[in-house]
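Listed here are the chains, written in short residue letters.
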Amino acid sequence: MADKSDKSNKLKARLPRGLGDRGPAEIAATRRMTETIRKVYELYGFEPVETPAIEYTDALGKFLPDQDRPNEGVFSFQDDDEQWLSLRYDLTAPLARYVAENFDALPKPYRSYRFGWVFRNEKPGPGRFRQFMQFDADTVGSASPAADAEICMMMADTIEALGIPRGSYVVKVNNRKVLDGVLESIDLGGEANAGRRLTVMRAIDKLDRLGEEGVRLLLGPGRKDESGDFTKGAGLQADAIDRVLASISPQSGSNEQIVTQLTSTIGTNSAQGLAELSAIGSLLSASGYDDRIRIDPSVVRGLEYYTGPVFEVELLLETKDEKGRPVRFGSVGGGGRYDGLVSRFRGEPVPATGFSIGVSRLQAALTMLGKLDTRPDFGPVLRERVPMCIR
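Notes on the structure in this doc start here. None of the values given here were measured: they were computed from a predicted structure.

This part takes up the nonpolar core. Within the largest apolar cluster, 69 residues are counted, with the highest numbers of intra-cluster contacts made by Tyr41 and Leu236. Apart from residues lying up to four places away in sequence, Tyr41 is in contact with Phe46, Tyr113, Phe135, Asp136, Ala137, Met154, Met155, Thr158 and Ile357.

Listed below in structure tokens is the structure:
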């Protein structure tokens, strides 16, 4: 008879990499934070909607890397009807499916918000998780630059409502069409080069994390990270790399001056994108937001479905980690215009624009900065009411 004290077959309790447990204090802080965001969104006239965490894989679209196999980039499985299903990797693609399915019943433009967990089947690392929370707001049915400007202004108001003072953050705005014009000038236009263009955009999207030299490698032959993993580059020649990097260099001055400088640097290939940036800049100036929302040519966003203006909110505050090393939080949210996403289902143009706050990342920043109350909601008062026999 086996010795019951033998623990050799005891199951080891292990948390999967890239995932995390959350206790009462963190859950309470998330609740307070999302309630603040919700109030700002509703002041702007946005209404809530929920979509499930699982969608048909083809409804999510092939917008993450290496989509030749359904399970690359997303977590996927087949149901008993042999249909491929996937955990959502963001909240935008499910919204596009929802709007397309309920199009005739929804008001136009349709302004909604939603929050929840999203999932990425990617290599975990510092600050990179397989499950994280997002809080989105989107306007579907308006092609006007005013819709893009409004989303940016709402993001600025949200960040300030969460306790980040003016001057300690910036909302950055660019336009994918500007970079498209640059890529056309180096013979990367057309459908045949779509894959390489996306590789270029994903490389630029890492500028804040890898710096110019790291991006230069990703635009060229490729880059090996600290762990030894190699990422294949876009294969651009040196002169083409220089042209791309010049087009995303930071510019100084007012938003109007930045558009003028970009026009001089890039030329006429990007005329439509520059005109849209100019219109957004004028709206921001008229509304008094041009000191908080800045045109920045380095912002491209890494997802393929963006078709025009793109946005990113960055915290400028610095703090120190537990070892005394300086920490800068960087981007805590982003978004843009995705005019083709709903159209995939409807076969007709449906303009849309939106923004996503990375709740998990922003909450970590607010907690480290002391801007978020992390006391559990139930606290001592509730414990006083619990009968002694249960305690």
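Below, the discussion takes up the pattern of salt bridges. Opposite charge on two side chains allows them to pair when their charged atoms are near. One pass over the full model with this rule turns up 21 salt bridges. With a closest N to O distance of 3.9 Å, Arg22 and Glu26 form a salt bridge. The exposure class assigned to Arg22 is partly exposed, which follows from its relative accessible area of 28%. The exposure class of Glu26 is partly exposed, given its relative accessible area of 37%. Ionic pairing is found between Arg216 and Glu212, a salt bridge with its closest N-O pair at 3.6 Å. Within this pair, Arg216 and its partner Glu212 are both found in helix 7 (residues 207-219), separated by four residues, close to a single helical turn. Overall, Glu212 belongs to the partly exposed group, its relative accessible area being 49%.

Before going further, it helps to spend a moment on the packing of aromatic side chains. Each aromatic ring pair is described using two quantities: the centre-to-centre distance and the angle formed by the ring planes. Throughout the structure, instances matching the rule amount to eight aromatic pairs. Ring geometry for Phe115 versus Phe135: centroids 4.9 Å apart, planes at 25°, classification stacked. With Phe115 in strand 5 (residues 110-119) and Phe135 in strand 6 (residues 131-140), this residue pair connects regions lying 20 residues apart in the sequence. A relative accessible area of 0% means that Phe135 is categorised as buried. Each member of the aromatic cluster is reached from another via a ring pair, and the members are Tyr41, Tyr113, Phe115 and Phe135. Positioned above the aromatic ring of Phe103, the side-chain terminus of Lys108 is 4.3 Å from the ring centre. Sitting over the ring of Phe103, Arg346 keeps its end group 4.0 Å from the ring centre.

Turning our attention to the environment of Pro94. With respect to the element layout, Pro94 can be found in helix 3 (residues 92-101). With 41 residues separating them along the chain, Pro94 and Ala53 place their C-alpha atoms 8.7 Å apart. Apart from residues no more than four positions distant in its own chain, Pro94 is found in contact with Thr51, Glu55, Leu60 and Arg88.

Those residues of helix 5 (residues 176-185) that sit buried are Arg176, Val178, Leu179, Gly181, Val182 and Leu183. Its side-chain oxygen at 2.9 Å from the backbone nitrogen of Lys177, Asn175 defines the N-terminal cap of helix 5. Positive backbone phi, approximately 65°, marks Asp187, located one or two places after helix 5.

Mapped onto the secondary structure, Glu55 falls in strand 2 (residues 54-56). Of note is the side chain of Glu55, whose polar atom sits 2.8 Å from the side chain of Arg97. Apart from residues lying up to four places away in sequence, Glu55 is in contact with Leu60, Leu85, Ser86, Pro94 and Arg97.

To continue, consider the sheet that holds strand 4 (residues 84-87). As summarised here, the arrangement of the three strands in space is 2-4-3, forming an open sheet in which the pairing is antiparallel. Whereas interior strands pair on both sides, the edge strands pair on one side only; in this sheet they are strand 2 and strand 3 (76-78). Here the strands of the sheet are splayed against their neighbours by 35° on average, with no regard to which way each runs. Taken together, the three bridges between strand 2 and strand 4 define a ladder with antiparallel strand orientation. When the bridges of strand 4 are listed, Ile54 appears paired with Leu87.

Cis geometry marks the peptide bond from Lys108 to Pro109, where omega comes out at -5°. As for its placement among the helices and strands, Pro109 is situated in the loop between helix 3 and strand 5.

This part covers the environment of Pro250. With respect to the helices and strands, the residue Pro250 is situated in the loop between helix 8 (238-247) and helix 9 (255-266). Its relative accessible area of 71% is what places Pro250 among the exposed residues. Once the C-alpha coordinates of Pro250 and Val299 are considered, the two residues, 49 residues apart in sequence, prove to be 10.0 Å apart.

Over its 13 residues, helix 7 runs only 11 Å from end to end, short of the ideal 18 Å by more than 12%, given 1.5 Å per residue. For helix 7, the principal kink sits at Glu213 and spans about 75°. What helix 7 keeps buried is the set Gly214, Val215, Leu218 and Leu219. Against helix 6 (194-204), strand 8 (222-224), strand 9 (230-232) and helix 8 lie the buried residues of helix 7.

With three bridges joining them, strand 3 and strand 4 adopt antiparallel strand pairing. The partner of Gln78 across the bridge, within strand 4, is Trp84. Between strand 3 and strand 4, which follow one another and run antiparallel, lie five residues, and Glu82 among them has a positive phi close to 65°.

Procedures and definitions
- Residue positions within a chain follow its written sequence, with the count starting from 1.
- For a predicted model such as this one, the threshold for reporting local features is a pLDDT of at least 70, and the threshold for listing and counting side-chain atom pairs is 80 or more; totals across whole chains, interfaces and linings nevertheless cover every residue.
- Excluded from the side-chain calculation are hydrogens and water; included are all heavy atoms of the structure.
- The definition of a nonpolar core used throughout is a set of buried Ala, Val, Leu, Ile, Met, Phe, Trp, Tyr and Cys residues joined through side-chain atoms within 4.5 Å.
- Classification of residues uses two cut-offs on accessible area relative to the type maximum, computed with a 1.4 Å probe and protein chains only: under 20% is buried, over 50% is exposed, and between them is partly exposed.
- Whether two residues are in contact is decided by their heavy atoms, any of which lying within 4.5 Å being enough.
- By salt bridge we mean one thing: a side-chain nitrogen of Lys or Arg within 4 Å of a carboxyl oxygen of Asp or Glu.
- Helix and strand assignments follow DSSP, with helices taken as H or I runs no shorter than four residues and strands as E runs no shorter than two, numbered in order from the N terminus.
- Each aromatic pair joins two rings of Phe, Tyr and Trp (for Trp, the six-membered one) with centres within 6.5 Å, and gets the label stacked for planes under 30 degrees apart, edge-to-face for over 60, and tilted for any other angle.
- As a reminder, the over-ring test applies to NZ of lysine and CZ of arginine, requiring each to be within 6 Å of the ring centre and within 35 degrees of the ring normal.
- For the purposes of these results, a polar contact is taken to be a pair of N or O atoms within 3.5 Å, where, inside protein, one atom must be able to donate a hydrogen and its partner to accept one; residues adjacent in sequence count only when each atom of the pair is a side-chain atom.
- By definition, two strands form a pair when at least two bridges between them are found by DSSP.
- Fitting a line to C-alpha atoms yields each axis, with helices limited to the stretch in contact; the angle taken between N-to-C directions then spans 0 to 180 degrees.
- Expected span of a helix: the number of residues minus one, times 1.5 Å.
- To obtain the bend at a residue, axes are fitted to the seven residues ending there and to the seven starting there, and the angle between these axes is taken.

This is a description of form; function is not addressed.
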